[in-house]
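Each chain, letter by letter, is given below.
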2 protein chains.
Amino acid sequence: MSKQQEPGDEQVLCCSPLMREPLGAEQAGELARVFKAIGEPARLRLLSLIASHAGGEACVCDLTGAFELSGPTISHHLKVLREAGVIDGERRGTWVYYRVRTEMLAVLSGVLLPADDGVVPA
Amino acid sequence: MSKQQEPGDEQVLCCSPLMREPLGAEQAGELARVFKAIGEPARLRLLSLIASHAGGEACVCDLTGAFELSGPTISHHLKVLREAGVIDGERRGTWVYYRVRTEMLAVLSGVLLPADDGVVPA
């Protein structure tokens, strides 16, 4: 199956559902790193806020109001999400605007599907 | 949409993709707990080994050979997975047999899908 994605971490992770065959150590390590990054309530909420924000992107200025967390704490969580490959950030003027990397979420989603359905959504 | 599942944690988590609307604090906490449980390489490999094992179930005796981990360490990881609701265990004779709760994995998978596709597989 050809894929027209840009190169990225999700290429390494793609596309073997964990229910079809045993994960190798390397793939398990990479996947676990991403699941761990989203396995934190504030980060999961940030991810959701960014994804569902108008236009699919949000700056820290859009996010601070939704939490009782300091700006630096939010910035830390955003850095973890970014390093895990689930969001991208782009500086425009004063702010960095964040956007969810849907291709990475699609990989994670596909990995968790039953073996029969284990094709990563395009 | 009527669902004929047995009651379980996945009913609480179901069915709002995080990309459609901001997750509430409670749902984010529950989901993060499960993602954190699978966000560890050995646990992810165990989950995959169980899921892909013949008959869809495995005992500790089937799992110990695949890792350089002690029996107690494997048992600890299995306990974490079980408490997170991603596997079930059933004692039969000497061994506890573990099976993946596919309904929970389907919930996690559905949460990560793009908003347009965000219906949890039945």
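Coordinates for the structure precede this section.
Conventions and cut-offs
Residues numbered from 1 in each chain as written. Chains lettered and ligands numbered in written order. Predicted model: local features only at pLDDT ≥ 70, side-chain atom pairs only at ≥ 80, totals over all residues. Heavy atoms only, no water. Least-squares fit on C-alpha atoms with pLDDT ≥ 70 in both. Contact = heavy atoms within 4.5 Å. Buried area = accessible area lost by both parts, 1.4 Å probe. Salt bridge = Lys/Arg side-chain N within 4 Å of Asp/Glu carboxyl O. Polar contact = N/O pair within 3.5 Å; in protein donor to acceptor, adjacent residues only side chain to side chain. Helix = DSSP H or I, 4+ residues; strand = E, 2+ residues; numbered from the N terminus. Nonpolar A, V, L, I, M, F, W, Y, C, P; charged D, E, K, R; others polar. Buried < 20%, exposed > 50% of the residue type's maximum accessible area, 1.4 Å probe, protein only. Pairing = 2+ DSSP bridges. Axes fitted to C-alpha atoms, helices over the stretch in contact; angles between N-to-C directions. Expected span 1.5 Å × (residues − 1). Arc of directions from axis to C-beta.

**Here's the deal with the relation of the copies chain A and chain B**
In step 1: With an RMSD of 0.0 Å, chain A superimposes on chain B once it is rotated by 180° and translated 0.0 Å along the axis. The relationship between the two copies is best expressed as a two-fold rotation axis. Minimal C-alpha separation from the rotation axis in chain A is found for serine 109 of chain A, amounting to 2.1 Å.
In step 2: A high fraction, 100%, of the interface residues of chain A reappear at the interface in chain B, so the copies pair face to face through one surface.

**A closer look at the interface of chain A and chain B**
By a widespread convention, an interface's size corresponds to the accessible area lost as its parts come together.
In step 1: Contacts between the two partners involve 33 residues from chain A, matched on the other side by 33 residues from chain B.
In step 2: Of all residues in chain A, Met19, Leu44 and Leu112 of chain A bury the most surface against chain B, accounting for 20% of the area lost on that side.
In step 3: Put simply, chain A and chain B have zero salt bridges between them.
In step 4: The interface formed by chain A and chain B includes seven residue pairs in polar contact (both at pLDDT 80 or more).
In step 5: Secondary-structure elements contributing two or more residues to the side of chain A that touches chain B are helix 2 (25-38), helix 3 (41-52) and helix 6 (102-112) of chain A.
In step 6: Taken together, the residues that form the side of chain A that touches chain B break down as 21 nonpolar, seven polar and five charged.

**A look at the pairing of strand 3 (residues 95-100) of chain B**
All names here are of chain B.
In step 1: Residues of strand 3 alternate between two faces, with Val96, Tyr98 and Val100 buried on one and Trp95, Tyr97 and Arg99 left unburied on the opposite face.
In step 2: Examined bridge by bridge, strand 1 (residues 57-59) and strand 3 share three bridges and lie antiparallel to one another. Bridging across to strand 3, alanine 58 finds its partner in tyrosine 98.
In step 3: Sheet topology note: the strand 2 (residues 87-92)/strand 3 ladder contains six bridges and is antiparallel. Residue isoleucine 87 lies in a different strand from strand 3, and its bridge partner there is valine 100.
In step 4: Where strand 2 hands over to strand 3, the hairpin turn is made up of two residues, of which glycine 93 adopts a positive phi near 70°.

**As for the sheet that holds strand 2 (residues 87-92) of chain A**
Strand-to-strand pairing in sheets goes through backbone hydrogen bonds, with the strands running parallel or antiparallel.
All names here are of chain A.
In step 1: Spatial strand order, 1-3-2: three strands in an open sheet with antiparallel pairing. The two strands at the open ends of the sheet, each matched to only one other strand, are strand 1 (57-59) and strand 2. The average angle at which neighbouring strand axes cross in this sheet is 30°, direction not considered.
In step 2: Along the sheet, helix 3 contacts strand 1, strand 2 and strand 3 (95-100); its crossing angle with strand 3, the most-contacted strand, is approximately 90°.

**A few points about helix 5 (residues 71-83) of chain A**
The α-helix advances 3.6 residues per turn, and as a result positions three or four apart in sequence lie on the same side.
Residue and element names in this part refer to chain A.
In step 1: Under the 1.5 Å per step criterion, the end-to-end length of helix 5 is 18 Å for 13 residues, consistent within 8% with the ideal 18 Å.
In step 2: Those residues of helix 5 that fall on the buried side of the exposure criterion are Ile74, His77, Leu78 and Leu81. With its buried residues spanning 100° around the axis, helix 5 presents them on a single face. Those residues of helix 5 that are exposed and aimed more than 90 degrees away from the buried face are Pro72, Lys79 and Glu83.
In step 3: Contact partners of the buried residues in helix 5: helix 2, helix 3, helix 4 (60-63), strand 2 and strand 3.

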